[in-house]
Amino acid sequence: MSLRIALLGLLTAYGSASGYDLAKGFERSVAHVWQAGHSQIYPELAKMTADGLVTVEAEGARGRKIYSITSEGRAELRAWLIGHDPTGPARSEVALQAFLLPLLDPGEALDVLERLKAYVEQKLAELEAMWAAKHALPVPEGASGVKFGDLALDLGIRQTRTTLEWANDAMAQLERQA
């Protein structure tokens, strides 16, 4: 369901787009909170078309289709935003590795944490660069000041900073034990 909602959100925010354009837009925006590739996006767009949530407004060369959201799609997106409570825990490979780290000897566990820390630092740098790029331009007059994706990007930055703090603390704890 979340892929469907993400695609409806992108079509609402950015307007009509091809599957390829949506996949690229996904990579530039939603991908830091929800992963999906071309092989998932195109079948979902076909289902959404069959369900009346989007329409194919144009077909171009080599079968390229331009999708637009319907009023039913807007209603589904709105209902989800207003009434959906997140279900179940989020999948996190970092959390799974943290859970399993005690199975390694302390030296190996520290190596894993060093690698995780480097990954998290890189991810944080990417997210902060995205934030800086989004905010390099002034907010247009009359706009609310919150740009599309800002709140999710801020959440991602904060979560990544917290994960980095956890990695440092976990490394210090293992070093004390060694």
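Higher on the page you've got the structure.
Predicted model, so just to flag it, every value in this text is computed and none were measured.

**Q** Would you mind going over helix α6 (residues 106–134) with me for this structure?
**A** Note that an α-helix has 3.6 residues per turn; residues three or four places apart therefore point the same way. For α6, with 29 residues, the first-to-last C-alpha span of 41 Å sits near the 42 Å given by 1.5 Å per residue. Each element contacted by the buried residues of α6 is listed here: α5 (93–100) and α7 (150–177). Of the residues flanking the start of α6, the one acting as N-cap is D105, its side-chain oxygen 3.0 Å from the backbone nitrogen of G107.

**Q** Would you take a moment to explain the pairing of strand β2 (residues 54–59) for this structure?
**A** Note on strand geometry: in a regular strand, side chains alternate between the two faces of the sheet. Looking at chain direction, β2 and strand β3 (residues 65–69) are connected through five bridges and run antiparallel. By the bridge assignment for β3, V56 is matched with Y67.

**Q** Please clarify how the layout of surface pockets should be interpreted in this entry.
**A** Rolled over the atoms, a probe as big as a water molecule pinpoints where empty space is left. The computed volume of the second largest pocket comes to approximately 180 Å³. Lining the second largest pocket are A98, L101, P102, L104, D105, P106, A109, L113, A170, Q173, L174 and Q177. Sorting the residues of the lining of the second largest pocket by element identifies α6 and α7 as the ones contributing at least two each. If you tally residues by element for the lining of the second largest pocket, the top one is α7, at four residues. In terms of residue class, the lining of the second largest pocket is built from nine nonpolar, two polar and one charged.

Rules used throughout
Residues numbered from 1 in each chain as written. Predicted model: local features only at pLDDT ≥ 70, side-chain atom pairs only at ≥ 80, totals over all residues. Heavy atoms only, no water. Helix = DSSP H or I, 4+ residues; strand = E, 2+ residues; numbered from the N terminus. Expected span 1.5 Å × (residues − 1). Contact = heavy atoms within 4.5 Å. Polar contact = N/O pair within 3.5 Å; in protein donor to acceptor, adjacent residues only side chain to side chain. Pairing = 2+ DSSP bridges. 1 Å grid on protein atoms, 1.4 Å probe; cavity = no way out; pocket = protein on both sides within 12 Å on 5 of 7 lines; lining within 4 Å. Points joined across faces, edges and corners; volume = space filled by probe spheres on them. Nonpolar A, V, L, I, M, F, W, Y, C, P; charged D, E, K, R; others polar.

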